[in-house]
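# Structure at a glance
Here's the letter readout for the chains.
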Amino acid sequence: MNVAFLVEKLGLKVRCGGDRLDREVSGGYAGDLLSNVMAGSKSGDVWVTCQAHQNIVAVSVLKEHSGIILTQGREPDKETIQRASQEGIPLLVTELSGFEIAGRIYGLLHP
Amino acid sequence: MTQGHNYVFPVEGERFDEAGKVSVQVKQILKKIGIPDAVLRRAAIAIYESEVNIISYAIHGTASLQVTDDHILIDIQDVGPGITDIEQAMEQGYSTANDHIRAMGFGAGMGLFNIKNCSDIFEMSSEEGKGTHLKITINR
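Bear in mind that the values here come from a model prediction, so they are computed numbers and not experimental data. (Residues numbered from 1 in each chain as written. Chains lettered and ligands numbered in written order. Predicted model: local features only at pLDDT ≥ 70, side-chain atom pairs only at ≥ 80, totals over all residues. Heavy atoms only, no water.)

## What about the pairing of strand E4 (residues 71-79) of chain B?
Residue and element names in this part refer to chain B. Here E4 shows a buried face lined by Ile72, Ile74, Ile76 and Asp78 and an unburied face lined by His71, Leu73, Asp75, Gln77 and Val79. Pairing of strand E3 (residues 60-67) with E4, which is carried by eight bridges, proceeds in the antiparallel orientation. Its bridge partner lying in E4, Ala63 is registered against Ile76. Linking E3 to E4, which pair antiparallel, is a turn of three residues. (Buried < 20%, exposed > 50% of the residue type's maximum accessible area, 1.4 Å probe, protein only. Helix = DSSP H or I, 4+ residues; strand = E, 2+ residues; numbered from the N terminus. Pairing = 2+ DSSP bridges.)

## Considerations on the interface of chain B and chain A
Counting from both sides, the interface comprises 22 residues of chain B and, opposite them, 19 residues of chain A. For the pair chain B and chain A, the summed buried area comes to about 1,600 Å², and 55% of that belongs to carbon and sulfur atoms. If you look at where chain B meets chain A, you find three salt bridges. A salt bridge links Lys27 of chain B to Glu64 of chain A, with the shortest nitrogen-to-oxygen separation between them at 2.7 Å. If you look at where chain B meets chain A, you find 11 residue pairs in polar contact (both at pLDDT 80 or more). Of all the secondary-structure elements, those providing two or more residues to the side of chain B that touches chain A are helix H1 (21-33), helix H2 (37-57) and helix H5 (111-118) of chain B. The element contributing the most residues to the side of chain B that touches chain A is H2 of chain B, with five residues. Looking at side-chain class alone, the side of chain B that touches chain A contains 11 nonpolar, five polar and six charged residues. (Contact = heavy atoms within 4.5 Å. Buried area = accessible area lost by both parts, 1.4 Å probe. Salt bridge = Lys/Arg side-chain N within 4 Å of Asp/Glu carboxyl O. Polar contact = N/O pair within 3.5 Å; in protein donor to acceptor, adjacent residues only side chain to side chain. Nonpolar A, V, L, I, M, F, W, Y, C, P; charged D, E, K, R; others polar.)

## Observations concerning the packing of helix H3 (residues 55-63) of chain A against H2 of chain B
Between H3 of chain A and H2 of chain B, the shortest axis-to-axis distance is 10 Å and the interhelical angle comes to 160 degrees. Judged by the angle between their axes, H3 of chain A and H2 of chain B are roughly antiparallel. Considering the relative orientation of H3 of chain A and H2 of chain B, their crossing is right-handed. Taking contact as the criterion, the partners of Asn55, Ala58, Val59, Leu62 and Lys63 of chain A in H3 of chain A are, on H2 of chain B, Ala44, Ile45 and Tyr48 of chain B. (Axes fitted to C-alpha atoms, helices over the stretch in contact; angles between N-to-C directions. Parallel < 35°, antiparallel > 145°, perpendicular 65-115°, else oblique. Left-handed = near helix turned anticlockwise from the far one by under 90°.)

## Let's talk about the pairing of strand E5 (residues 121-127) of chain B
Residue and element names in this part refer to chain B. In the sheet, E5 pairs with strand E6 (residues 131-139) via seven bridges, with the strands oriented antiparallel. Of the residues in E6, the one forming a bridge with Met124 is Leu134. What sits between E5 and E6 in their antiparallel hairpin is a turn of three residues, with Gly129 showing a positive phi close to 80 degrees.

## Quick word on unusual backbone geometry
Residues and elements named next belong to chain A. In this model, Glu64 sits at a positive phi of 55 degrees, which is unusual for a non-glycine residue. Within the secondary structure, Glu64 is located in the loop between H3 and strand E4 (67-70). For Glu64, a relative accessible area of 25% corresponds to the partly exposed category. Despite not being glycine, Gln72 has its phi angle at roughly 50 degrees, a positive value. Here Gln72 is to be found in the loop between E4 and helix H4 (78-87).

## Some remarks on the sheet that holds strand E3 (residues 45-49) of chain A
All names here are of chain A. If you walk across this open sheet you meet the five strands as E1-E5-E4-E3-E2, and the pairing is mixed. Each edge of the open sheet carries a strand with a single partner, namely strand E1 (13-16) and strand E2 (27-30). The mean inter-strand angle of the sheet, taken between neighbouring strand axes irrespective of direction, is 25 degrees. Direction of pairing for E2 relative to E3: parallel, over a ladder of four bridges.

This is the structure:
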């Protein structure tokens, strides 16, 4: 399953990294505490968070996430988009809550 | 800055916009040297958390990386307020971070705990009013 599949199935809006939607999604992680995400997430995870500032990009790069989904319609800061574009990390937005989007992703990953 | 596998990176306090800069570089360096992914991930996390600590609490500091045949040695030194009670600071969930830091998702009281978890040997010393020194050893 790749990021493009998630975008299509879940109606996510792509804010950057549209050319990197072929990245493989091997799992997911939900969290807004960066240290928790650093400790707990895995390479290939799609990260669900409400944090929209630029520091999320470094976390995703270090952990080799397949993408970041911002919840409840949060829009990424200008700097976040800039950085994510440079690093080739897809930045996606949903109107759904973290709980709802994580549940749907889980359902797609574990049908 | 570079002599063999020795590197020193400066880190400035309050520069949240730069958080992760050093760890991303270190990860690339370790990858180039041929350090296995599982090992370099631990080094990257330890340095990331150290960077964030300097940025959050200190005036400035340095992150040094030395790679030997057997170990990855990371040395973190900062000039800052220091830590009064190291035992307490090591407790998961304990943090002195202000609201601004917490609002960004930092300051959850997990940083030092994460660093220790990623280390094979972890040593920390601190002097109030002067700064903090971390010595992190990770086996290759």
